[in-house]
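Structure at a glance
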Amino acid sequence: MKELETYILFPSHTDGLALEKILKSNNIEYTIVPTPRTLSKCCGISLKINPEDKDIVENLLLNNPSIDYEGIYTLKKKKNSLFNF
């Protein structure tokens, strides 16, 4: 099975931090990361979550309509090697 990474993109830092607070209170693991360039050319933060938590996070966002987000995207994890043969 391929390893996947799921990112949530936001129009502003404020929205990302608002969701961070909700994820923390619901004991959902996340990491604040720079937005991957493959998803957006603009600078900004994203939240990276476990792909298994995507449905739960989508429901949390539906129940908190004041949090704006640009989308939830799942990408194949890149190798961390300098030499990809």
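Residue indices follow the written sequence of each chain, beginning from 1 at its first position. Local features in this predicted model are restricted to residues whose pLDDT is 70 or higher, and side-chain atom pairs enter the listing and the counts only when it is 80 or higher, whereas totals over whole chains, interfaces and linings include all residues. Based on all heavy atoms of the structure, the side-chain values leave hydrogens and waters out of the count.

**Observations regarding the pattern of salt bridges**
Basic side-chain nitrogens of Lys or Arg form a salt bridge, by our definition, when they fall within 4 Å of a carboxyl oxygen of Asp or Glu. Following the criterion strictly, the structure yields two salt bridges and no others. The salt bridge involving glutamate 3 is made with lysine 77; its shortest N-O contact spans 3.5 Å. Of this pair, glutamate 3 sits in the segment before strand S1 (4-9) while lysine 77 sits in the segment after strand S4 (71-76), placing them 74 residues apart in sequence. Of the charged contacts, one joins lysine 48 and glutamate 5 as a salt bridge, the two residues approaching to 3.3 Å between their closest N and O atoms. Each helix corresponds to a stretch of at least 4 residues labelled H or I by DSSP, and each strand to a stretch of at least 2 residues labelled E; elements are numbered beginning at the N terminus.

**A word on the environment of aspartate 15**
Its place among the elements puts aspartate 15 in helix H1 (residues 13-25). Between the alpha carbons of aspartate 15 and serine 46 there is a distance of 10.0 Å; along the sequence they are 31 residues apart. By the convention used here, residues are in contact when the closest approach between their heavy atoms is within 4.5 Å. Residues within four places of aspartate 15 in sequence aside, it is in contact with Phe10, Ser66, Ile67 and Asp68.

**What to know about the environment of isoleucine 72**
For isoleucine 72, the position within the fold is in strand S4. It is 6.5 Å that separates the C-alpha atoms of isoleucine 72 and leucine 9, two residues lying 63 residues apart in sequence. In this structure isoleucine 72 touches Thr6, Tyr7, Ile8, Lys54, Glu58 and Leu61, once residues within four positions along its chain are discounted.

**Examining the sheet that holds strand S3 (residues 45-49)**
Strand pairing is assigned whenever DSSP detects at least two bridges linking the two strands. With antiparallel pairing, the four strands of this open sheet are ordered in space as S2-S3-S1-S4. Whereas interior strands pair on both sides, the edge strands pair on one side only; in this sheet they are strand S2 (30-34) and S4. Strand-to-strand twist of the sheet, defined as the mean angle between neighbouring strand axes without regard to direction, takes the value 35°. As paired strands, S1 and S3 are joined by four bridges and run antiparallel to one another. Paired with tyrosine 7 across the strands is lysine 48, a residue of S3. Along the sheet, helix H2 (residues 54-62) contacts S1, S3 and S4; its crossing angle with S4, the most-contacted strand, is approximately 165°. To define axes, lines are fitted to C-alpha atoms, for helices over the stretch in contact only, and angles between the resulting N-to-C directions are given on a 0 to 180 degree scale.

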